[in-house]
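Structural overview
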Amino acid sequence: MIMVCPPTLKPKVILGFITSATLLTLLVGSLAKVQWIALDLDIAARLPPPAPYWHMVVALMGLLMPILMRVWHRRQRLICRILDAYLIVFIAQILSELILTPIFLRGIAVIIGSLYSTFRLLQLWQSQTWVTKASHLPQWFTLFLWSLMAIWLINLLRFILYRWPVLLS
């Protein structure tokens, strides 16, 4: 059986998404800064208090564990391909937030985080589907991908429920 690589793991698609997300973020941030759209990006004072330990969970499970898995299973090409694509997108998000938040204020991180969390969920879903077709991969890897999807779904819901209303008010 020939296994076709999911689109969200292909370098051109990843680069296209990162470029598009960055350009969209720059456009929205610039339009909000000159007040051509009704977005107040200065939301830091209006944000609800952060959930205790959430950033630690995301850092450990969303970044550190995939890095460790990538190193530990460096000879498993399929696992490496999935985790490489995932980590490239994650690192692009972190860099975008680090560079653009000082320019456009805290609200831009809501836009960046929403875009990247959505893409990452799609990426993990397609990867999980791909992995289930591969009989030579360990079963725990499927569970690991499901746990990552749960983290990013919770993260996206947190943006939708708690951050977007503040950004749009």
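Residues numbered from 1 in each chain as written. Predicted model: local features only at pLDDT ≥ 70, side-chain atom pairs only at ≥ 80, totals over all residues. Heavy atoms only, no water.

Attention shifts here to the overall build of the protein. Scanning the protein from terminus to terminus reveals 5 helices and 0 strands. Counting helices and strands in the order they occur from the N terminus, the protein gives α-α-α-α-α. Against the globule reference of 15 Å for 169 residues, the protein gives a C-alpha radius of gyration of 17 Å, in line with a compact fold. Burial analysis of the protein (169 residues in total) assigns 44% to the buried set. Within the protein, counting contacts between residues at least 6 apart in sequence, those at least 24 apart form 77% of the total. Surface exposure of the protein reaches about 9,700 Å², of which carbon and sulfur atoms provide 73%. Within the protein, the 4 negative side-chain charges are centred at a point lying 16 Å from the centre of the 14 positive side-chain charges. (Helix = DSSP H or I, 4+ residues; strand = E, 2+ residues; numbered from the N terminus. Rg over C-alpha atoms; globule rule 2.2 N^0.38 Å. Buried < 20%, exposed > 50% of the residue type's maximum accessible area, 1.4 Å probe, protein only. Contact = heavy atoms within 4.5 Å. Areas by Shrake-Rupley, 256 points an atom, 1.4 Å probe, with all protein chains shown as cover. Lys, Arg positive; Asp, Glu negative; His and termini not counted. Charge placed at Lys NZ, Arg CZ, Asp CG, Glu CD.)

What follows covers the side chain of arginine 158. Position of arginine 158 relative to the elements: it lies in helix 5 (residues 139–168). Of the side chains with opposite charge, glutamate 97 comes closest to the buried, unpaired arginine 158, at an N-O distance of 11 Å. Once residues lying within four places of it in the same chain are set aside, the contact partners of arginine 158 are Ala51, Trp54 and Arg163. (Salt bridge = Lys/Arg side-chain N within 4 Å of Asp/Glu carboxyl O.)

Turning to the environment of arginine 81, a few remarks are in order. When you line up the elements, arginine 81 lands in helix 3 (residues 77–104). Considering only alpha carbons, one finds arginine 81 and lysine 10, 71 residues apart in sequence, at a separation of 9.1 Å. The contact partners of arginine 81, leaving out residues within four places of it in the chain, are Cys5, Leu9 and Trp130.

Checked against the element boundaries, threonine 8 lands in the segment before helix 1 (11–33). Engagement of the side chain of threonine 8 in a polar contact is seen with the side chain of glutamine 126, the distance being 2.7 Å. Look past the residues within four positions of threonine 8 in its chain and what remains in contact with it is Val13, Ile14, Ala85, Phe119, Leu122, Gln123 and Gln126. (Polar contact = N/O pair within 3.5 Å; in protein donor to acceptor, adjacent residues only side chain to side chain.)

So, about a nonpolar patch on the surface. Taken together, the side chains of Tyr53, Met56, Val57, Leu60, Leu64 and Leu68 define a hydrophobic patch exposed on the protein surface, amounting to about 610 Å² of accessible area. Mapping leucine 60 onto the fold places it in helix 2 (residues 54–72). (Patch = residues over 30% accessible without salt bridge, like charges linked within 9 Å, V, L, I, M, F, W, Y side chains within 5 Å.)

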